[in-house]
Amino acid sequence: MADEKLDTQIRREQIAEAAMSLVASQGLRRLSLAAVARRVGLVPSGIYRHFKNKDELLLAVLDRVEERLMANVEAARDEADDPIEQLRGVLMRHIRFIREGRAVPRIIFADDVHAGSPERRRRVAQIFNRYAAAVGKIIAAAQSQGQIRPDCNRQTLVMMLFGIVVPAGILWHLTNGGFDVTRHAQRAWQLFLAAAATKPEDVV
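Keep in mind it's a predicted model, so treat the numbers as computed, not measured. Just so you know, the residues in each chain are numbered from 1, in the order the chain's sequence is written. Whole-chain, interface and lining totals are the exception, using all residues; otherwise, since this is a predicted model, local features are given only for residues with pLDDT of at least 70 and side-chain atom pairs are given and counted only at 80 or more. In computing side-chain properties, one takes all heavy atoms of the structure into account and sets aside hydrogens as well as water.

1. Describing the environment of alanine 141
Inclusion rule: Strands are runs of DSSP state E lasting at least 2 residues, helices are runs of H or I lasting at least 4, and numbering of each runs from the N terminus. Burial here depends on accessible area, computed with a 1.4 Å probe over protein chains only, as a share of the maximum for the residue type. Under 20% is buried, over 50% is exposed, and the range in between is partly exposed.
Along the polypeptide, alanine 141 turns up in helix H8 (residues 118-144). Taking relative accessible area as the criterion, alanine 141 reaches 23% and is therefore assigned partly exposed. Placed 59 residues apart in sequence, alanine 141 and aspartate 82 show a C-alpha to C-alpha distance of 9.1 Å.

Here it is in structure tokens:
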């Protein structure tokens, strides 16, 4: 029974990953359960053993997005002890996330995800708030260690960091990768430090 549950969970994850891949290459409007089934080697009716409908599948896709965002935060915290380095790590991982997964901006910012589904709208807000809270904890640590100005509002700093990523991700998507999001993030990071760090000349 345990093996059966594990197999079912693995298959659900495979289906959600396939859906993300299809969104990345074709867009959300062209996503269909039949196309996802073909991608994972199932007959279309086989999808319904794991997901009742497209709405349920999209919620699973949002779960995968959240898992990756939170994993980026954890990886940045594990990689460095210094909070400033952790923040930079989160920023650059998020940029890499955008470059490697075109599905993310299409999923998070597409009206099709939110329209007519209060549940998905709440889920996207929940993901954003949890991610922001995790980044906010790193900023709080940097403030407590005297690296970031204590008079700076923590939530505002989080929004400033996200402001580096979100418009750049949209522009990267609109230009089919023509906009250099990595160079933009590196330059914007320096401006962020100049505004927020207590001694910006001591950090890079």
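2. Things to note about unusual backbone geometry
Positive phi values are uncommon outside glycine, yet asparagine 176 reaches one of about 55°. With respect to the element layout, asparagine 176 can be found in the loop between helix H9 (154-174) and helix H10 (181-196).

3. Re the packing of helix H5 (residues 83-100) against H10
Quick reminder of the rule: Only the stretch in contact is used when a helix axis is fitted, and all axes are lines through C-alpha atoms; the angle between N-to-C directions ranges over 0 to 180 degrees. Here the word oblique covers every angle except those under 35 degrees (roughly parallel), over 145 (roughly antiparallel) and from 65 to 115 (roughly perpendicular). Here is the rule for handedness: rotate from the far helix to the near one, and if that takes an anticlockwise turn smaller than a right angle the crossing is left-handed, while a clockwise turn gives right-handed. Throughout, a contact is declared for two residues whenever any of their heavy atoms are within 4.5 Å. In this count, Pro and Cys sit with the nonpolar residues alongside Ala, Val, Leu, Ile, Met, Phe, Trp and Tyr, while Asp, Glu, Lys and Arg are called charged and the others, Gly among them, polar.
At a minimum axis separation of 10 Å, H5 and H10 run at an interaxial angle of 155°. Of the possible angle classes, the one that applies to H5 and H10 is roughly antiparallel. The interaxial crossing formed by H5 with H10 has right-handed handedness. Of the residues in H10, those touching H5 at Ile84, Leu87, Arg88, Leu91, Met92, Ile95 and Arg99 are Val181, Thr182, Ala185, Gln186, Trp189 and Leu193. Partitioned by chemical class, the residues of the contact of H5 with H10 number nine nonpolar, two polar and two charged.

4. Here's the deal with the pattern of salt bridges
Rules: When a carboxyl oxygen of Asp or Glu is within 4 Å of a side-chain nitrogen of Lys or Arg, the pair counts as a salt bridge.
With the rule as written, the count across this model stands at eleven salt bridges. Among the ionic pairs, glutamate 17 bridges to arginine 68, the shortest N-O distance being 2.5 Å. Note that glutamate 17 is positioned in helix H1 (residues 2-26) and arginine 68 in helix H4 (residues 54-79), a separation of 51 residues in sequence. The closest approach of N and O atoms between arginine 149 and aspartate 151, which form a salt bridge, is 2.8 Å. One network of salt bridges, with partners in common, ties together Glu17, Arg64, Glu67 and Arg68.

5. Some details on H5
Quick reminder of the rule: One less than the number of residues in a helix, times 1.5 Å, gives the span that helix is expected to have. Residues adjacent in sequence count toward polar contacts only when both atoms are side-chain atoms; beyond that, a polar contact is any pair of N or O atoms within 3.5 Å, and within protein one must be able to donate a hydrogen and the other to accept it.
Along its 18 residues, H5 runs 25 Å from first to last C-alpha, staying within 8% of the 26 Å computed at 1.5 Å per residue. Along H5, the positions that sit buried rather than exposed are Pro83, Ile84, Gln86, Leu87, Gly89, Val90, Leu91, Arg93, His94, Ile95, Phe97 and Ile98. With a side-chain oxygen lying 3.1 Å from the backbone nitrogen of isoleucine 84, the N-terminal cap of H5 falls on aspartate 82.

6. Examining the nonpolar core
The test is simple: Here, nonpolar core refers to any group of buried Ala, Val, Leu, Ile, Met, Phe, Trp, Tyr and Cys residues whose side-chain atoms link them within 4.5 Å.
The biggest cluster of nonpolar side chains holds 61 residues, and the ones touching the most others in it are Val36 and Val135. Looking at this core, the elements that each hand over two or more residues are H1, helix H2 (33-40), H4, H5, H8, H9 and H10. With eleven residues, H4 is the largest single contributor of residues to this core. When near neighbours in sequence (up to four residues on either side) are disregarded, valine 135 contacts Val73, Leu87, Val90, Val158, Leu161 and Phe162.

7. Some details on the packing of H9 against H10
It is the contact of H9 with H10, at a shortest axis distance of 10 Å, that shows an interaxial angle of 160°. It follows from the interaxial angle that H9 and H10 lie roughly antiparallel. Crossing geometry of H9 relative to H10 is assigned as right-handed. Residue-level contacts link Leu157, Met160, Leu161, Ile164, Ala168, Gly169 and Trp172 of H9 to Val181, His184, Ala185, Ala188, Trp189, Phe192, Ala195 and Ala196 of H10. By residue class, the composition of the contact of H9 with H10 is 13 nonpolar, two polar and no charged.

By themselves, these are just geometric observations and shouldn't be taken as functional.
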